[in-house]
Amino acid sequence: MSETKAAAGAVLRPAEIKPADRGGGARTIPLVTKGIGSTSLLNGITSFEPGAAIPLHSHNCEESVMILEGRAIAEIDGMEYELGPHDTTWIPSDVPHRFRNASDTEPMRIFWTYASVDATRTLVATGETRPVASEHAKRIAP
């Protein structure tokens, strides 16, 4: 009988992880992923340049987002909410949402968590669905 060694845990240092370019002025640093042994969640940090936004989308699982820095506008199921540091959202699966930087001069950063390592993102405008993890492969060169 073969034994499978369980993941031993990890210490992750965002400053040492190359971000992935999300386009439109957004960059993501994936933290907890399948690659380090997670079996039930994904999380990371996304930075938004002044005025940047991500497109309206939904996921196949729940998501929570906390504002780390700056001011944000969260659009959730057609409603807009102004958010500041430490304000936190919970978004059920299949609910259209997006975040945008409310400032034209200051950066904004969010910490996000998906309730599944197999989280997907479906763009409302096109219906295109892809794994969230596939977006993390577009690493920015040093």
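Everything below is about the structure printed above this text.
None of these values were measured; they are calculated from a predicted model.

Time to look at the environment of Ser-40. Mapped onto the elements, Ser-40 comes out in the loop between strand S2 (26–30) and strand S3 (42–48). Each C-alpha atom of the pair Ser-40 and Thr-89 lies 19 Å from the other, and the pair is 49 residues apart in sequence. Apart from residues lying up to four places away in sequence, Ser-40 is in contact with Tyr-114, Ala-115, Ser-116 and Val-117.

Here the focus is the environment of Thr-46. With respect to the element layout, Thr-46 can be found in strand S3. Through-space distance from the C-alpha of Thr-46 to that of Ser-58 is 17 Å; in sequence the pair is 12 residues apart. Among all residues touching Thr-46, those that are not within four sequence positions of it are Arg-22, Ala-26, Arg-27, Thr-28, Met-108, Arg-109, Ile-110 and Trp-112. One polar contact links Thr-46 to Trp-112, side chain to side chain, over a distance of 2.9 Å.

Once that is clear, we can look at the nonpolar core. Core analysis: the biggest nonpolar cluster contains 22 residues, and Leu-42, Phe-48, Phe-99, Ile-110 and Tyr-114 have the highest contact counts within it. Among the secondary structure elements, those contributing two or more residues to this core are S3, strand S5 (63–69), strand S6 (72–76) and strand S10 (108–114). In terms of residues, this core owes the most to one element, S10, which gives 4 residues. In this structure, Leu-42 is in contact with Val-32, Thr-33, Lys-34, Trp-112, Thr-113, Tyr-114, Ser-116, Val-117, Ala-119 and Val-132, ignoring residues within four places of it in sequence.

Now for the packing of aromatic side chains. Applying the stated rule across the entire model yields 1 aromatic pair. Ring geometry for Trp-112 and Tyr-114: centres 5.0 Å apart, planes at 45 degrees, overall tilted. Taken individually, Trp-112 and Tyr-114 each receive the classification buried, so the pair is uniform in this respect.

Turning our eyes to something else, we now look at unusual backbone geometry. Of note in this structure, Asp-77 is not a glycine but carries a positive phi near 50 degrees. A residue is classified by how much of its surface remains accessible, and Asp-77, at 54% relative accessible area, is exposed.

In this sheet, S2 lies alongside strand S1 (residues 20–23) in antiparallel orientation, the contact comprising 3 bridges. If you follow Gly-23 over to S2, its bridge partner there is Ala-26. Remark: 2 residues form the turn of the hairpin made by S1 and S2, two consecutive strands paired antiparallel; Gly-24 in that turn has positive phi of roughly 65 degrees.

Quick look at the sheet that holds S2 now. If you walk across this open sheet you meet the 6 strands as S1-S2-S3-S10-S5-S8, and the pairing is antiparallel. The sheet is open, and its two edges are formed by S1 and strand S8 (88–91), each paired on a single side. Adjacent strand axes in the sheet meet at a mean angle of 25 degrees when their direction is disregarded. Here S5 runs beside S10; their pairing, made up of 6 bridges, is antiparallel. Opposite Glu-63, over in S10, you have Tyr-114 as the bridge partner.

Once that is clear, we can look at the pairing of S10. Residue alternation in S10 divides its side chains into a buried set, Met-108, Ile-110, Trp-112 and Tyr-114, and an unburied set, Arg-109, Phe-111 and Thr-113. Across 7 bridges, the pairing between S3 and S10 is antiparallel. Looking across to S10, one finds that Gly-44 is bridged to Trp-112.

Parameters at a glance
Residues numbered from 1 in each chain as written. Predicted model: local features only at pLDDT ≥ 70, side-chain atom pairs only at ≥ 80, totals over all residues. Heavy atoms only, no water. Helix = DSSP H or I, 4+ residues; strand = E, 2+ residues; numbered from the N terminus. Contact = heavy atoms within 4.5 Å. Polar contact = N/O pair within 3.5 Å; in protein donor to acceptor, adjacent residues only side chain to side chain. Core = buried A, V, L, I, M, F, W, Y, C linked by side-chain atoms within 4.5 Å. Buried < 20%, exposed > 50% of the residue type's maximum accessible area, 1.4 Å probe, protein only. Phe/Tyr/Trp six-rings, centres within 6.5 Å; stacked < 30°, edge-to-face > 60°. Pairing = 2+ DSSP bridges. Axes fitted to C-alpha atoms, helices over the stretch in contact; angles between N-to-C directions.

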